[in-house]
2 protein chains.
Amino acid sequence: MNLLFLGTSAGTPTKQRNFSGLALRERRGKGWYLIDCGEATQHQLLHTPLSLHGLRAILITHMHGDHCYGLPGLLASASMNGRVEPLLIVAPEALKAWLLATFEATQVTLSFSLAFQFVEALPCIDFETLEVSTTRLSHGVDSYAYSFTEKPTPALDTEKLIAQGVPRGPLWGQLYNGENVEWNGEILESRAYLRMTQPPGKIVVAGDNDCPALLASACEGAQVLVHEATYTAAMADKAAEVRHSYAGQVAAFAESVALPHLVLTHFSPRYQSRGEAASSIEAIRQEAQEAYTGTLYLARDFAEFSLDKAGRLTELSAAGAPSAT
Amino acid sequence: MNLLFLGTSAGTPTKQRNFSGLALRERRGKGWYLIDCGEATQHQLLHTPLSLHGLRAILITHMHGDHCYGLPGLLASASMNGRVEPLLIVAPEALKAWLLATFEATQVTLSFSLAFQFVEALPCIDFETLEVSTTRLSHGVDSYAYSFTEKPTPALDTEKLIAQGVPRGPLWGQLYNGENVEWNGEILESRAYLRMTQPPGKIVVAGDNDCPALLASACEGAQVLVHEATYTAAMADKAAEVRHSYAGQVAAFAESVALPHLVLTHFSPRYQSRGEAASSIEAIRQEAQEAYTGTLYLARDFAEFSLDKAGRLTELSAAGAPSAT
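Residues numbered from 1 in each chain as written. Chains lettered and ligands numbered in written order. Predicted model: local features only at pLDDT ≥ 70, side-chain atom pairs only at ≥ 80, totals over all residues. Heavy atoms only, no water.

Within an unreviewed UniProt entry, the label attached to chain A reads Ribonuclease Z, and the organism entered is Vreelandella malpeensis. The heading Function (unreviewed entry) in the UniProt record of chain A holds the text "Zinc phosphodiesterase, which displays some tRNA 3'-processing endonuclease activity. Probably involved in tRNA maturation, by removing a 3'-trailer from precursor tRNA." You can read under Catalytic activity (unreviewed entry) in the UniProt record for chain A the words "Endonucleolytic cleavage of RNA, removing extra 3' nucleotides from tRNA precursor, generating 3' termini of tRNAs. A 3'-hydroxy group is left at the tRNA terminus and a 5'-phosphoryl group is left at the trailer molecule." (UniProt positions renumbered as here; feature names shortened; annotations may be inferred.)

The following block contains the structure:
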């Protein structure tokens, strides 16, 4: 799985950071999932290789405007671009009524059908190559995390096949595809020749949340947590008031569950890439690093990260996309 | 008055052109008016000198998403930035219900109050330095034009004052400000010393419209018409189907009413700044020039035009703003 950040600012956009939006790309193919869709998410997509035709589902963590105001326009553009595949939206139930009312008020008829799954039911959603589960968080409005777990892809035990003298060829393919085959007068059972190589990739993407500990179960088996760090501890009172987390709080949680990789995002515009120490994005990084010994990343717009089969998350080199919306 | 284009694309955004948005700036001071507010209009503003604190009113021409989806986010950001001045929104009546429902669904409480004027009543709206009148157009949904007329600013007849020996000083200021004054044993009436110098500046900004002739009355006394030219005549059938205008049609109308300046905007993304002749933005220009002998401009994002006191519209040099959203 890959993560491509489309927006990393909280509340209002800056020249460098858009409202929340995150593309999770499948390991193979052009399929991707969009988590949150702040205003101008579709504009950010113009600067990426992602196409709205490859979009498998949209998942909204909560109904604050900086996480969902881009949804009507993105869907309308997908329609104008001729999408025909149905699209699943996973979101709080109230989003459906707002979205349909918006389309009615502005006379939008989509070229494709929408399906909805309401996150309040905490569904587990089965996609072709991965499964999504949901976790309820703590924020000013109902907010949720989505956990993406890759479906296990078994490897064929070729050493065993060779040792038994089973000839390389179509038989191997049938065994790999789950078929039992007859060879040399005996039945070879597929499952006897398949083995799991690595634990499945798992990425947890949290919505706004002032209580990281709620993600303890979700983080079991996860290699990556993407979580807001709207403030530093110096703004803990403000964070508590608006029900957000500060960097040290998230980092301490990640440390407590021995999470291998933590990606912080959703930074208050008060933290700039330049400026005095206390108002620099580096203050977020330093505070998190003091509490966390895993691999820490601070998301930037258009930053892309790859989770490999061995469970390592690395940042890909910048794609040359513009730094500003 | 100045015109600063924030978005000049129709339907979907491109890397060079955003959804519709146009800032009309007062000749003096920092006050401005926003006509239409497509998605990411607030992002475009980050690249201009305009502040949401100086925004006097928002006027929406019609309720298609590419003209209004940026409104909730722009207002929410104005609130987060601490605006306290009430704000007037002039728009189709249905916009109010949609906007308030959006704020309710996403739990937005603004830091300032909103007032609404419904454009269906064809109001004339009296602002401090200009008046706005409205014209009903023809489109797939109810669509309107807004005409901005500067209030006349009289000049003091200094030649007459000097000829009569009235000494330069506070007396002149009182006369200019409309006060009658006593001088040399007689009453000087203010209105006898004020004269109108130039016809007032008038700019007509039209929403989407397939019948430019509806603007004949509005264009009386106007120096400038801003009008969509979504297509060229080669796409006349498509234009008719989606109730838009093509370049030659608007140009012929402007010629018929002897309009001094025509600014075309709202171009289909099929017309690019580069490419084959038929799909180039230059095809729009050529078609319009063939039918129109006045001064023609094609709007670009961040292009700024100034209407001077003599009624001449000129393009200001580029402000160095980015070409892409």
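Next comes the rest of the write-up.
Just give me the short version of the packing of aromatic side chains, but keep the residues and values in it.
Under the definition given, this model contains ten aromatic pairs over all chains. Aromatic pair Tyr 69 of chain A and Trp 98 of chain A: ring centres 6.3 Å apart, planes at 40°, arrangement tilted. Taken together, the positions of Tyr 69 of chain A in the loop between α2 (65-68) and α3 (71-80) and Trp 98 of chain A in helix α4 (residues 93-105) put the pair 29 residues apart, joining distant regions of the chain. Of the two residues, Tyr 69 of chain A and Trp 98 of chain A, neither departs from the other in class, the shared state being buried. Seen from their ring centres, Tyr 33 of chain B and Phe 148 of chain B are 6.1 Å apart, and the 55° between their planes marks the pair as tilted. Highlighted residues: Tyr 33 of chain B in strand β3 (residues 32-37) and Phe 148 of chain B in strand β9 (residues 144-150), separated in sequence by 115 residues. As far as burial versus exposure is concerned, Tyr 33 of chain B and Phe 148 of chain B are alike and both buried. The rings of Phe 5, Tyr 297 and Phe 305 of chain A are connected pair by pair, giving a single aromatic cluster. When the ring centre of Tyr 193 of chain A is taken as reference, the NZ or CZ atom of Lys 160 of chain A above it lies at 5.0 Å. (Phe/Tyr/Trp six-rings, centres within 6.5 Å; stacked < 30°, edge-to-face > 60°. Helix = DSSP H or I, 4+ residues; strand = E, 2+ residues; numbered from the N terminus. Buried < 20%, exposed > 50% of the residue type's maximum accessible area, 1.4 Å probe, protein only. Lys NZ or Arg CZ within 6 Å of the ring centre and 35° of its normal.)

So, the pattern of salt bridges: which residues are in play, and what are the values?
Residue and element names in this part refer to chain B. With the rule as written, the count across this model stands at 22 salt bridges over all chains. Residues Glu 26 and Arg 56 are paired through a salt bridge, measuring 3.0 Å at the closest nitrogen-oxygen approach. Here Arg 56 lies in strand β4 (residues 55-59) and Glu 26 lies in the loop between β2 (21-25) and β3, a separation of 30 residues in the sequence. For Arg 56, a relative accessible area of 35% translates into the label partly exposed. Residue Arg 27 pairs with Glu 150 through a salt bridge whose shortest N-O separation is 2.5 Å. Here Arg 27 is found in the loop between β2 and β3, whereas its partner Glu 150 is found in strand β9, with 123 residues between them in sequence. (Salt bridge = Lys/Arg side-chain N within 4 Å of Asp/Glu carboxyl O.)

How would you explain helix α9 (residues 281-291) of chain B if you had to name every residue and give the values?
Every α-helix carries 3.6 residues per turn, so stepping three or four residues along brings you back to the same face. All names here are of chain B. The set of residues buried in α9 consists of Ile 281, Ala 283, Ile 284, Glu 287 and Ala 288. One side of α9 carries all its buried residues, which in axial view fall inside an arc of 160°. Structurally, α9 contributes buried residues whose contacts are with α8 (247-256), β16 (261-265) and β17 (295-298). Looking at where α9 begins, the residue whose side-chain oxygen comes 2.9 Å from the main-chain nitrogen of Glu 282 is Ser 280. (Arc of directions from axis to C-beta. Contact = heavy atoms within 4.5 Å. Polar contact = N/O pair within 3.5 Å; in protein donor to acceptor, adjacent residues only side chain to side chain.)

Now, about the relation of the copies chain A and chain B: what can you tell me, with residues and values included?
A rotation about an axis combined with a shift along that same axis relates the two copies of the chain. If you rotate chain A by 180° and push it 0.0 Å along the axis, it lands on chain B with an RMSD of 0.1 Å. Here the symmetry operator amounts to a two-fold rotation axis. Most of the interface of chain A is mirrored in chain B, where 100% of its interface residues again form contacts. (Least-squares fit on C-alpha atoms with pLDDT ≥ 70 in both.)

Requested: an account of the UniProt feature "binding site: Zn(2+) 1" (unreviewed entry) in chain A, with residues and values cited.
All names here are of chain A. The feature "binding site: Zn(2+) 1" (unreviewed entry), as given by UniProt, occupies His 62, His 64, His 139 and Asp 208 in the numbering adopted here. Look at the named residues: they lie 147 residues apart in sequence, but the longest C-alpha span between them is just 10.5 Å, so in the fold they bunch up. With near-sequence residues (within four places) excluded, His 62 lies in contact with Asp 36, His 67, Pro 92, His 139, Val 141, Asp 142, Ser 143 and Asp 208. Among the polar contacts made by the side chain of His 62, one reaches the side chain of Thr 61 at a distance of 2.8 Å. For Asp 208, the position within the fold is in the loop between β14 (202-206) and β15 (224-228). A distance of 3.1 Å separates polar atoms of two side chains, one belonging to Asp 208 and the other to His 62.

Residue-level account of the sheet that holds β9 of chain B, with values.
All names here are of chain B. Taken in spatial order, the seven strands of this open sheet run β7-β8-β9-β14-β15-β16-β17, and their pairing is mixed. Among the strands making up the open sheet, the edge pair consists of β7 (125-126) and β17. Across two bridges, β7 lies against strand β8 (residues 130-136) in antiparallel orientation. Note that in β8 the partner of Ile 125 across the bridge is Val 132. Contacting β15 (224-228) and β16, α8 runs over the sheet at an angle of about 160° to β16. (Pairing = 2+ DSSP bridges. Axes fitted to C-alpha atoms, helices over the stretch in contact; angles between N-to-C directions.)

If you had to explain helix α4 (residues 93-105) of chain B to someone new, which residues and values would you point to?
With 13 residues, α4 of chain B extends 19 Å between its outermost C-alpha atoms, agreeing within 8% with the 18 Å of an ideal straight helix rising 1.5 Å per residue. Of all the positions in α4 of chain B, only Leu 95, Trp 98, Leu 99, Thr 102 and Phe 103 of chain B are classed as buried. Take α4 of chain B and look down its axis: the buried residues cluster within an arc of 135°, on one side only. Structural note: α4 of chain B exposes Ala 97 and Glu 104 of chain B on the side pointing more than 90 degrees away from its buried face. The inward-facing, buried residues of α4 of chain B contact α4 of chain A together with α2 (65-68), α3 (71-80), β5 (87-91) and β6 (114-118) of chain B. A positive phi of about 55° marks Gln 107 of chain B, the residue just after α4 of chain B. (Expected span 1.5 Å × (residues − 1).)

Run through the UniProt feature "active site" (unreviewed entry) in chain A, naming residues and quoting values.
Residue and element names in this part refer to chain A. With numbering aligned to this structure, UniProt lists the feature "active site" (unreviewed entry) at Asp 66. With respect to the helices and strands, Asp 66 occurs in helix α2. Classification of Asp 66 by relative accessible area gives buried; the value is 12%. Those residues in contact with Asp 66, other than ones at most four positions away along the chain, are Ala 10, Gly 11, Phe 19, Ser 20, Gly 38 and His 266. Within the structure, Asp 66 has its side chain in polar contact with the backbone nitrogen of Gly 11 (distance 3.1 Å).

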